[in-house]
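Here is how the chains run, residue by residue.
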Amino acid sequence: MKNSSYEIVEIPEYRGIGLKWEGPYTEVSTLKELITSMSNRVGELNHAINPKMQLGLSYHLRPDGFVHYSVYEVTEEQQLPEGMVEITVPKMIYLTIHHQKDQNIGQTYDNIYHWLQASDYEPYTEPNVEYYDRLPIKHERYPNDRDFNNPHFDILIPISKRK
């Protein structure tokens, strides 16, 4: 994808296995440790579909923070390793963009929000679930070779047509 170009894609349902974090924004440093820990444990997932692509699935389900799944996509054969969790991500339509190194992540998300405001789409939300962010579900895909302090990665925001 070209720099700061938005694309709309449909991704079929998939299964992810990895580690789950839930906490306030003030403890986000512990999330970074969990993500690193998960990238070190990918070898336990014999049936990872792409072991070089780590997924970060964030759900803003609390006013002071969020829930995050640090997972890899796996096939049905994959057993659940000790201490890991499983998540099934349903088929969804996403707005995707590549976040470049040296860009401000907050600014990237602001730009996404403004793009959506001007489009025919809105962020997808599950029925009867309360969210606490204007982009309530954020999925990120990190290549293994990223710089942890200055990463480049793909952002995927689940969207639906405005009613």
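Coordinates for the structure precede this section.
No experiment lies behind these values; they were computed from the predicted model shown. The written sequence of each chain sets the order in which its residues are numbered from 1. Under the rules for a predicted model, residues below a pLDDT of 70 receive no local features and side-chain atom pairs below 80 are neither given nor counted, while totals for whole chains, interfaces and linings still include all residues. Computation of side-chain values: all heavy atoms of the structure, hydrogens and water removed.

(A) Region of interest: the overall build of the protein. We count a stretch as a helix when DSSP gives it H or I for four or more residues in a row; a strand needs E for two or more, and each element gets its number in order from the N terminus. Counting secondary structure elements, the protein contains 2 helices and 9 strands. Seen in sequence order, the protein has helices and strands lined up from the N terminus as β-β-α-β-β-β-β-α-β-β-β. Against the globule reference of 15 Å for 163 residues, the protein gives a C-alpha radius of gyration of 15 Å, in line with a compact fold. Expressed along its principal axes, the backbone C-alpha trace of the protein runs to roughly 45 × 35 × 30 Å. Looking at the protein residue by residue over its 163 residues, the buried ones come to 44%. Contact criterion: two residues are considered in contact whenever any of their non-hydrogen atoms come within 4.5 Å of each other. For the protein, the share of sequence-separated contacts (at least 6 apart) that also reach a separation of at least 24 residues comes to 75%. Split by element, the accessible area of the protein, about 9000 Å² in all, is 48% carbon and sulfur. Charged side chains of the protein number 16 positive and 24 negative; the gap between the two group centres comes to 3 Å. In this treatment the radius of gyration is a C-alpha quantity, and the globule benchmark scales as 2.2 Å times the residue count to the 0.38 power. Only protein chains enter the calculation, and the probe is 1.4 Å; a residue is then buried if its accessible area is under 20% of its type maximum, exposed if over 50%, and partly exposed in between. Note on areas: Shrake-Rupley with a 1.4 Å probe; residue coverage comes only from the protein chains shown. Only four residue types enter the charge count: Lys and Arg as positive, Asp and Glu as negative, with His and the chain ends excluded. Charged side chains are reduced to one point each, which is NZ for Lys, CZ for Arg, CG for Asp and CD for Glu.

(B) Representation of helix α2 (residues 105-117) in the model. With 13 residues, α2 should cover 18 Å at 1.5 Å per step; its first-to-last C-alpha distance of 19 Å lies within 8% of that length. If you check which residues of α2 are buried, you get T108, Y109, I112, Y113 and L116. Buried residues along α2 cover an arc of 140° about the axis, so they all sit on one side. Check the buried side of α2 and you find it contacts β6 (92-99), β7 (121-123), β8 (137-143) and β9 (153-161). As used in this structure description, the phrase polar contact means that two N or O atoms lie within 3.5 Å; if the pair is within protein, one of them must be able to donate a hydrogen and the other to accept it, and residues adjacent in sequence are counted only when both atoms belong to side chains. The opening residue of α2, the one whose side-chain oxygen lies 2.7 Å from the backbone nitrogen of G106, is N104. Here a helix's expected span is defined as the number of its residues, less one, multiplied by 1.5 Å. By construction, the arc corresponds to the directions joining the helix axis to the C-beta atoms.

(C) Fine view of the nonpolar core. What is meant by a nonpolar core is a set of buried Ala, Val, Leu, Ile, Met, Phe, Trp, Tyr and Cys residues, joined one to another through side-chain atoms within 4.5 Å. One finds Y14, L57, Y69, I87, V89 and Y94 to be the most contacted residues of the largest nonpolar core, which totals 15 residues. Of all the secondary-structure elements, those providing two or more residues to this core are β3 (53-62), β4 (65-74), β5 (85-89) and β6. Apart from the residues lying within four places of it in its own chain, the contact partners of Y69 are L19, K20, L55, G56, L57, Y59, V85 and I87. By size, the runner-up hydrophobic cluster in this structure holds 14 residues, among which are I17, L34, L45 and M84.

(D) A look at the environment of L45. With respect to the helices and strands, L45 occurs in the loop between α1 (28-41) and β3. With relative accessibility at 5%, the residue L45 sits in the buried group. Considered as a pair, L45 and D145 are 100 residues apart in the sequence and their alpha carbons are 18 Å apart. For L45, the residues in contact, after removing those within four places along its chain, are I17, M38, Y72, V74, Q78, P81 and M84.

(E) Quick look at α1. A rise of 1.5 Å per residue sets the reference length of α1, with its 14 residues, at 20 Å; its end C-alpha atoms lie 20 Å apart and thus fit the reference within 8%. Those residues of α1 lying buried are L31, L34, I35, M38 and S39. Down the axis of α1, the smallest arc covering the buried residues is 135°, so these residues share one side. Residues K32, E33 and N40 are exposed on α1 and point more than 90 degrees away from its buried face. Contacts made by the buried residues of α1 are with β2 (14-24), β3 and β4.

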